[in-house]
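The chain contents come next:
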Amino acid sequence: MQKSTLEFPHNVRTTYTAIKRLFEKRTKFSSVKCNDDLFIVEARHGMWLSPFTENVKVKVVATSSHTCKVVVESSSRSVFNLLNLGANKGNVSDLSDYINNEVYKLCQPGEIPMVNQHSTIRIVPPK
């Protein structure tokens with residue numbers, strides 16, 4: 001298992017929402033599972049029956065009310081990945097860099113709406 005930790009100057013919910021959005025729309029991972037209560041995203045890379053697949057787990061943890069850390073873990077799904085020496089370490093490094101770059105892009109003000117987008121506000125002119 002390989003592990004990497006990233007620090008972000010955003011609150012935990014904003015960072016988790018950006019990472020969840022990233023995994024659901026912009027990556028080629030399959031079987032993406034999100035736990036909105038624990039701020040964890042789990043995904044699988046590779047074919048389902050292939051012995052050379054890996055599981056990726058991204059956990060967002062609050063370090064204060066305005067900062068958080070993101071832990072990226074990669075583990076092999078089978079013993080056959082022992083032949084793939086160092087592949088998980090390279091994958092975690094690449095994925096960490098990608099998450100770092102994309103979260104900063106996605107966490108710009110106004111990018112991640114935190115309220116229901118379908119609600120409308122009606123402005124009634126005075127009589």
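1. Considering the confidence of the model for the chain
Here's step 1: Of all residues in the chain, 67% have pLDDT values of 70 or greater, and the mean over the chain is 77.
Here's step 2: Model confidence for the chain, summarised as mean pLDDT per element, is weakest for helix H2 (residues 87-106) at 79 and strongest for strand S4 (residues 54-62) at 91.
Here's step 3: Counted against residues more than four places away or in other chains, residues 116-122, with its pLDDT under 50, gives zero contacts.

2. Points about unusual backbone geometry
Here's step 1: Despite not being glycine, Phe39 shows a phi value in the positive range, around 60°.
Here's step 2: Considering the arrangement of structural elements, one finds Phe39 in the loop between strand S2 (30-35) and strand S3 (40-45).
Here's step 3: In this structure Phe39 comes out as buried when scored by relative accessible area, which is 14%.

3. A few points about the nonpolar core
Here's step 1: Membership of the largest hydrophobic core comes to 23 residues, with the highest contact counts inside it found for Ile19, Phe23, Val58, Val60, Val70, Val72 and Ile99.
Here's step 2: Elements with a minimum of two residues in this core: strand S1 (2-8), helix H1 (12-25), S3, S4, strand S5 (68-76) and H2.
Here's step 3: Among the elements that make up this core, the one with the highest residue count is H1 (six residues).
Here's step 4: For Val60, the residues in contact, after removing those within four places along its chain, are Val12, Thr15, Tyr16, Ile19, Leu38, Phe39, Cys68, Lys69 and Val70.

About the criteria used
Within each chain, residue numbers correspond to sequence positions counted from 1 in written order. It should be noted that, the model being predicted, local features are given only for residues of pLDDT at least 70 and side-chain atom pairs only at 80 or more, the latter also being counted only at that level, while totals for whole chains, interfaces and linings use all residues. By convention in this description, side-chain values take in all heavy atoms of the structure and omit both hydrogens and water. A residue's pLDDT is the confidence the predictor assigns to it, expressed on a 0 to 100 scale. The helix count covers DSSP runs of H or I at least four residues long, the strand count covers runs of E at least two residues long, and both are numbered beginning at the N terminus. Any two residues whose heavy atoms approach within 4.5 Å are treated as being in contact. Think of it in three bands: with a 1.4 Å probe and only protein chains considered, a residue is buried below 20% of the maximum accessible area for its type, exposed above 50%, and partly exposed in between. Residues belong to a common nonpolar core when they are buried Ala, Val, Leu, Ile, Met, Phe, Trp, Tyr or Cys residues joined through side-chain atoms within 4.5 Å.

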